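# Per-entry structural report
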Amino acid sequence: MKPGAVASGTLESLISALLRGGISISLALIVAGTAVSFIHHPDYASSVAALARLTRPGMAPHDLREVAAGIAGFRGQALVMLGLLVLMATPVVRVATSLVVFARSRDRAFVLLTSTVLVLLLLSLALGRAGG
Amino acid sequence: MTPLEFTLLVFAVSLAAGFFGSLLGLGGGIIVIPALTFLFHVDLRYAIGASIVSVIATSSGAAAAYVRERMANLRVAMFLETATASGALTGAFLAGILGGRWLTLAFGSAVMLSAVGMIRGREWRPGASPARDAWADHLRLHGSYHDGALGQEVAYRVYGTRWGLLLMYVAGAVSGLLGIGAGALKVPAMDLAMRLPIKASSATSNLMIGVTAAASAGVYFARGDIDPFVTAPVACGVVLGALAGSRLLPRLRSKALRLVFVALLLWIGLQMILKAMR
């Protein structure tokens, strides 16, 4: 059997499980957060003014500290944001996981390719943070 | 409209966006952005932030199934992601230099050209296959998948890896510049240059757009463009829609899928060009 042939099947089931795990955790957090919001604010079901308030520009959280503080205060929207962050991190974790599997199966070319992608991803995140 | 009605209606629209996005290898931003801004009067920045999240949601939701069924070619995706990621980085640098109007026009024209290329098409003639691609052989990029419509395994070889890399670099630059997944350019690149079957192209594009979008999503979050209230129903709807779509894709006929994709490309291209002309 060719080297990497076994690992390739493993990689596929691993990635598939990882993606499913990521979306399940994220969806659970988003649904729970939305439920908490609607329970805390019964007027969300009746008030038109509440929608304008919620979608006003400049309301969204900017950094992780803000989100963490919201979760400590059991704010529904902070739970939703945590769920969205899990969703956003899933593809990056997917690339990192592939790197580990390629390294284990000694697939040198793909270790090189995958680490390049990972470095570029982290670089664009870092640059974006500095520029944005 | 109350917050409850908003959440339910946006969820319904996003279900459709995820469903079609997962079939066509696109993020669904084409449906999400206009719906949020025109129908629900959401601020454009929040709409774009929600669209970036919807690209990731479509990608993860659909690719979970596509990777397991080997519909998405994981090795081709990893190979091409080096080009899209470096393109995206270039795009982020160029964003301050290039004007939005020229960019939109360029993207629109590129999409139209891809559509024309896909209409003229390529027939599968066993005798007329192109020269073997050394990189594709060396990196073992060739693949196979089970086609539910044909009821058989479809094996395919990958060609044109250099063209593929170049086109993916351009697609990456476009997504870095415009903040989109650019699946509309990724699918034609795999279909025309690398000769992947349309289903494999669409599924592999689905896997790839998540990584491209994740790089930009961090930036949008830091800018405060991702509003949890607006994005929550989008993310949930799109994920569930994509899960449903990814069950249907293996059973669709490739010819029909290609036709719908070309029609959509013409529509997107026209929209973009009109927007740039205005």
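This section reports on the structure supplied with the text. Sequence order sets the numbering: in each chain, residues are counted from 1 along the sequence as written. Whichever chain is written first becomes A and whichever ligand is written first becomes 1, with later ones labelled in order. Totals for whole chains, interfaces and linings use all residues, but because this is a predicted model, local features are given only for residues with pLDDT of at least 70 and pairs of side-chain atoms are given and counted only at 80 or more.

## Some points on the environment of Ser98 of chain A
A run of H or I in DSSP counts as a helix once it spans at least four residues, and a run of E counts as a strand once it spans at least two, with each numbered from the N terminus. Along the chain, Ser98 of chain A turns up in helix H4 (residues 76-104). Separated by 53 residues in the primary sequence, Ser98 of chain A and Ala45 of chain A place their C-alpha atoms 44 Å from one another.

## As for the nonpolar core
Ranked by internal contacts, the top residues of the largest apolar core, which has 130 residues, are Leu84 of chain A together with Val53 and Ala235 of chain B. When residues of this core are assigned to their parent elements, the largest contribution, 15 residues, is made by helix H3 (residues 44-68) of chain B. Leaving out residues up to four positions away in the same chain, Val53 of chain B has contacts with Leu84, Leu87 and Met88 of chain A together with Ala217, Ile226, Thr231, Val234 and Ala235 of chain B. We define a nonpolar core as a collection of buried residues of the types Ala, Val, Leu, Ile, Met, Phe, Trp, Tyr and Cys that are connected via C-beta atoms lying within 7 Å of each other. Exposed residues have 12 or fewer other C-beta atoms within 10 Å of their own C-beta, buried residues have 20 or more, and residues in between are partly exposed; the C-beta atoms are placed from the backbone. Any residue pair is listed as a contact if its two C-beta atoms, each placed from the backbone, are within 7 Å.

## As for the interface of chain B and chain A
Every contact between the two is made by 53 residues of chain B and, on the other side, 55 residues of chain A. Elements supplying a minimum of two residues to the side of chain B that touches chain A: helix H1 (3-24), H3, helix H4 (74-94), helix H9 (198-222) and helix H10 (228-248) of chain B. Counting residues per element, the side of chain B that touches chain A draws most heavily on H3 of chain B, which supplies twelve residues. For this classification, Asp, Glu, Lys and Arg are treated as charged, while Ala, Val, Leu, Ile, Met, Phe, Trp, Tyr, Cys and Pro are nonpolar and the rest, including Gly, are polar. Of the residues contributing to the side of chain B that touches chain A, the split by class is 34 nonpolar, eleven polar and eight charged.

## Brief notes about unusual backbone geometry
Residues and elements named next belong to chain B. In the Ramachandran plot, Arg140 falls in the positive-phi region, its phi being about 50° despite a non-glycine side chain. Tracing the sequence through the fold places Arg140 in the loop between helix H6 (134-138) and strand S1 (143-147). Residue classification places Arg140 among the partly exposed positions, given that 16 C-beta atoms sit within 10 Å.

## Considerations on the pairing of S1 of chain B
Sheet topology note: the S1 of chain B/strand S2 (residues 152-156) of chain B ladder contains five bridges and is antiparallel. The residue bridging Ser144 of chain B from the neighbouring strand is Ala155 of chain B, located in S2 of chain B. Any two strands with at least two DSSP bridges between them are considered paired.

## Quick word on helix H2 (residues 29-39) of chain B
All names here are of chain B. Here H2 has its buried residues at Gly29, Ile30, Ile31, Val32, Ala35 and Leu36. Taken together, the buried residues of H2 touch H1, H3, H10 and helix H11 (254-277). Backbone geometry just downstream of H2 places His41 in the positive-phi region, at approximately 55°.

## Notes on H11 of chain B
By this rule the span expected of a helix is its residue count minus one, scaled by 1.5 Å. Taking 1.5 Å as the rise per residue, H11 of chain B with 24 residues should run 34 Å; its terminal C-alpha atoms sit 35 Å apart, in good agreement. Leu257, Arg258, Phe261, Leu265, Gly269 and Met272 of chain B are the residues of H11 of chain B that are buried.

## With respect to the environment of Gly183 of chain B
All names here are of chain B. By the element assignment, Gly183 lies in helix H8 (residues 183-193). You can call Gly183 buried: it has 29 C-beta atoms within 10 Å. Residues Gly183 and Leu26, 157 residues apart in the sequence, show an inter-C-alpha distance of 4.6 Å. The contacts of Gly183, once residues within four sequence positions are left out, are Gly25, Leu26, Gly27, Ser205 and Ile209.

## Quick word on the packing of H3 of chain B against H9 of chain B
All names here are of chain B. Packing of H3 against H9 brings their axes to within 8 Å, and their N-to-C directions diverge by 145°. Relative to H9, the crossing made by H3 is left-handed. Across the interface between the two elements, Gly49, Ile52, Val53, Val55, Ile56, Thr58, Ser59, Ser60, Ala62, Ala63, Tyr66 and Val67 of H3 pack against Ala203, Asn206, Leu207, Ile209, Gly210, Ala213, Ala214, Ser216, Ala217 and Tyr220 of H9. For the contact of H3 with H9, the residue count by class is 15 nonpolar, seven polar and no charged. Axis lines are fitted through C-alpha atoms, for helices just across the contact stretch, and the angle between N-to-C directions can take any value from 0 to 180 degrees. Here a crossing is called left-handed whenever its near helix is offset anticlockwise from the far helix by less than a right angle, and right-handed whenever the offset is clockwise.

## Some details on the pairing of S2 of chain B
By the criterion of burial, S2 of chain B is predominantly exposed, with just zero of the five residues buried. Counting the residues between successive antiparallel strands, the hairpin from S1 of chain B to S2 of chain B contains four residues, one of them, Gly151 of chain B, with a positive phi of roughly 70°.

## Quick look at the packing of H1 of chain B against H2 of chain B
All names here are of chain B. The contact between H1 and H2 brings their axes to 8 Å, and the two run at 160°. Looking at the two axes, H1 sits roughly antiparallel to H2. Crossing of H1 against H2: the hand is right-handed. Across from Val13, Ser14, Ala16 and Ala17 in H1, the residues of H2 making contact are Ile31, Val32 and Ala35. In the contact of H1 with H2, the residues fall into six nonpolar, one polar and no charged. Small angles under 35 degrees read as roughly parallel and large ones over 145 as roughly antiparallel, with 65 to 115 read as roughly perpendicular and the rest as oblique.

## A short note on the environment of Leu9 of chain B
All names here are of chain B. Within the element layout of this structure, Leu9 appears in helix H1. Residue classification places Leu9 among the partly exposed residues on the basis of 16 C-beta atoms within 10 Å. Taking the C-alpha atoms as reference points, Leu9 and Phe40, separated by 31 residues in sequence, lie 9.2 Å from one another.

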